[in-house]
Amino acid sequence: MHIEKDIVVSIHYRLNDDQGNEIENSFGNEPMVYLHGHNNMIPGLEKELEGKQPGDQFKVSVSPEDGYGPYVDGLKQQIPSEGFEGLDPKIGMEFTADTENGPIQVRVLEITEEFVTVDGNHPFAGKTLHFDVDITEIRDATPTELDHGHIHAGGGCCGSEEPEEEEEEAVVEEAPAKEDKPEEGTCCGGCH
Ligand code: ZN
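Residues numbered from 1 in each chain as written. Predicted model: local features only at pLDDT ≥ 70, side-chain atom pairs only at ≥ 80, totals over all residues. Heavy atoms only, no water.

Asker: Which parts of the structure should I look at to understand the sheet that holds strand S5 (residues 76-80)?
Answerer: Remark on secondary structure: sheet strands pair via backbone hydrogen bonds, oriented parallel or antiparallel. Ordered by their spatial adjacency, four strands build an open sheet running S5-S8-S7-S6, and the pairing between neighbours is antiparallel. Each edge of the open sheet is held by one strand with a lone partner, namely S5 and strand S6 (94-99). The sheet shows a mean angle of 45° between the axes of neighbouring strands, direction not considered. The sheet contact formed by strand S7 (residues 102-111) and strand S8 (residues 115-119) spans four bridges and is antiparallel. Pairing of Glu 110 across the sheet is with Thr 117, part of S8. (Pairing = 2+ DSSP bridges. Helix = DSSP H or I, 4+ residues; strand = E, 2+ residues; numbered from the N terminus. Axes fitted to C-alpha atoms, helices over the stretch in contact; angles between N-to-C directions.)

Following this line, the structure appears as structure tokens:
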């Protein structure tokens, strides 16, 4: 068995920038798990993983074009501070901003009295990424995972397939209303 489309892949990786500074490191933590061949992984890394097996190790340098794309100046914007009333913005904070092109994820770069500077670029945009990768495990994807195009870490849920628990509601009439949504991060890697 080797890595190809529709295979679920677990890897450990160390990520350094051009100066050799470590940006991320999964060793000692949970491995990164993704569904191969469904655009869940940057192209430069997915290309290298193709055909490999558990136990394989490799190093690869990924250009912005094969990584998180070029840095786009227009995605960095100054927003009048009034717009942040009650939000207490802090440097590094991430949130979703509504823009003409739909919602995008932005990070707070700078805060002054008048303006909050936010950046909608991915933190790794414009960077060449140097990966050190260990492939730890691979498995076949489940039919539901293939249907959704991503892994289900907790054994299969997206919220929608959970059966309704009507019985319980009838018994605990006086209990305050409780939301039955699955906890974020336990399902679909938190992607939806
Ligand atoms: Zn799903």
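Read on for the rest.
Asker: Can you walk me through the environment of Leu 15 in this structure?
Answerer: Within the fold, Leu 15 resides in strand S1 (residues 7-16). For Leu 15 and Phe 131, which are 116 residues apart along the polypeptide, the C-alpha to C-alpha distance reads 4.7 Å. Those residues in contact with Leu 15 that sit more than four places away from it in its chain are Asn 21, Glu 22, Ile 23, Glu 24, Phe 124, Leu 129, His 130 and Phe 131. (Contact = heavy atoms within 4.5 Å.)

Asker: Honestly, a negative patch on the surface in this entry has me stumped. Any pointers?
Answerer: Together, Glu 82, Glu 85, Glu 113 and Glu 114 line one region of the surface with negative charge. Tracing the chain through its elements places Glu 85 in the loop between S5 and S6. Exposure remark for Glu 85: the relative accessible area of 67% places this residue in the exposed category. (Patch = residues over 30% accessible without salt bridge, like charges linked within 9 Å, V, L, I, M, F, W, Y side chains within 5 Å. Areas by Shrake-Rupley, 256 points an atom, 1.4 Å probe, with all protein chains shown as cover. Salt bridge = Lys/Arg side-chain N within 4 Å of Asp/Glu carboxyl O. Lys, Arg positive; Asp, Glu negative; His and termini not counted. Charge placed at Lys NZ, Arg CZ, Asp CG, Glu CD. Buried < 20%, exposed > 50% of the residue type's maximum accessible area, 1.4 Å probe, protein only.)

Asker: Could you clarify how one ought to interpret the pattern of salt bridges in this entry?
Answerer: Close approach of charged atoms lets side chains of opposite charge pair. The full count for this structure, using the stated rule, is seven salt bridges. Between Lys 90 and Asp 88 there is a salt bridge, with the nearest N and O atoms lying 2.8 Å from each other. For the salt bridge of Glu 145 with Arg 139, the shortest nitrogen-to-oxygen distance reads 3.0 Å. On the basis of relative accessible area, Glu 145 is assigned to the buried category, the value being 2%. The structure contains a network of salt bridges with shared partners spanning Arg 14, Lys 59 and Asp 132.

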